[in-house]
Amino acid sequence: MIFETLMIIALCLLVVAIMCNLYRIVKGPSSADRVQALDSVGINIIAGIAVFSVFLHTHAFFDLILLIGILSFIGTAAFAKFLERGVVIERKR
């Protein structure tokens, strides 16, 4: 009983954190702040899926956690490259 209550509280707190990050994505003063908030949303979604997986006593969501982590990393690396060089995909002629 207490374990399930703690899992639900953790999920609610993660939803609050995602909402705060969504506010930062919309109102961010710079694009770097927006990307950092988007990366934080990805991390919070991963944590939420992990908590939900523990709540359901299943390992079925571990592939989804890995997929979201990879996509979040690729997005952050692409934005870092864009900030450094001004383009994401370089075409050599």
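Keep in mind that this is a model prediction, so the values were computed, not measured.

Calculation criteria
- Residues numbered from 1 in each chain as written.
- Predicted model: local features only at pLDDT ≥ 70, side-chain atom pairs only at ≥ 80, totals over all residues.
- Heavy atoms only, no water.
- Helix = DSSP H or I, 4+ residues; strand = E, 2+ residues; numbered from the N terminus.
- Rg over C-alpha atoms; globule rule 2.2 N^0.38 Å.
- Buried < 20%, exposed > 50% of the residue type's maximum accessible area, 1.4 Å probe, protein only.
- Contact = heavy atoms within 4.5 Å.
- Areas by Shrake-Rupley, 256 points an atom, 1.4 Å probe, with all protein chains shown as cover.
- Axes fitted to C-alpha atoms, helices over the stretch in contact; angles between N-to-C directions.
- Parallel < 35°, antiparallel > 145°, perpendicular 65-115°, else oblique.
- Left-handed = near helix turned anticlockwise from the far one by under 90°.
- Nonpolar A, V, L, I, M, F, W, Y, C, P; charged D, E, K, R; others polar.
- Patch = residues over 30% accessible without salt bridge, like charges linked within 9 Å, V, L, I, M, F, W, Y side chains within 5 Å.
- Salt bridge = Lys/Arg side-chain N within 4 Å of Asp/Glu carboxyl O.
- UniProt positions renumbered as here; feature names shortened; annotations may be inferred.
- Phe/Tyr/Trp six-rings, centres within 6.5 Å; stacked < 30°, edge-to-face > 60°.

Trainee: An account of the overall build of the chain is requested, with residue identities and associated values reported.
Mentor: Assigned secondary structure in the chain consists of three helices and zero strands. When the helices and strands of the chain are placed in sequence order, the string is α-α-α. Computed over its C-alpha atoms, the radius of gyration of the chain comes to 17 Å, more than 25% above the 12 Å expected for a compact globule of 93 residues. Principal-axis analysis of the C-alpha atoms places the extent of the chain at approximately 65 × 30 × 15 Å. Relative to its full complement of 93 residues, the chain shows a buried share of 17%. The long-range share in the chain, meaning contacts at least 24 apart out of those at least 6 apart in sequence, stands at 42%. Accessible surface, the chain as shown: approximately 7,000 Å² in total, 72% of it carbon and sulfur.

Trainee: Talk me through the packing of helix 1 (residues 2–27) against helix 2 (residues 31–56); I want residue IDs and the actual numbers.
Mentor: It is the contact of helix 1 with helix 2, at a shortest axis distance of 9 Å, that shows an interaxial angle of 165°. Judged by the inter-axis angle, helix 1 sits roughly antiparallel to helix 2. Helix 1 and helix 2 meet at a crossing whose hand is left-handed. Split by residue class, the contact of helix 1 with helix 2 holds 19 nonpolar, four polar and five charged.

Trainee: Lay out the environment of G48 with the relevant residues and their values.
Mentor: Positionally, G48 belongs in helix 2. Taking the C-alpha atoms as reference points, G48 and E84, separated by 36 residues in sequence, lie 32 Å from one another. When sequence neighbours within four positions are dropped, the list of residues in contact with G48 reads L11 and L14.

Trainee: Run through a nonpolar patch on the surface, naming residues and quoting values.
Mentor: Among the surface-exposed residues, M1, I2, L6, I9 and L13 lie close enough to one another that they form a single nonpolar patch of about 600 Å² accessible area. Relative to the helices and strands, I9 resides in helix 1.

Trainee: Can you explain the side chain of S53? Please cite residues and give values.
Mentor: Relative to the helices and strands, S53 resides in helix 2. Residue S53 is classed as buried on the basis of its relative accessible area of 2%. Leave out the neighbours within four places in its chain, and S53 touches T58, H59, F61 and F62.

Trainee: Can you break down the UniProt feature "transmembrane region" (unreviewed entry) in the chain residue by residue, with the values?
Mentor: Under the local residue numbering, the UniProt record ascribes the feature "transmembrane region" (unreviewed entry) to residues 6–26, 38–58 and 64–83. With 100% helix and 0% strand, residues 64–83 has end C-alpha atoms that lie 29 Å from one another.

Trainee: Can you break down the packing of aromatic side chains residue by residue, with the values?
Mentor: Per the counting criterion, the structure on display carries two aromatic pairs. Aromatic pair F79 and F82: ring centres 6.4 Å apart, planes at 35°, arrangement tilted. Within this pair, F79 and its partner F82 are both found in helix 3 (residues 62–85), separated by three residues, close to a single helical turn. Owing to a relative accessible area of 16%, F79 belongs among the buried residues under this scheme.

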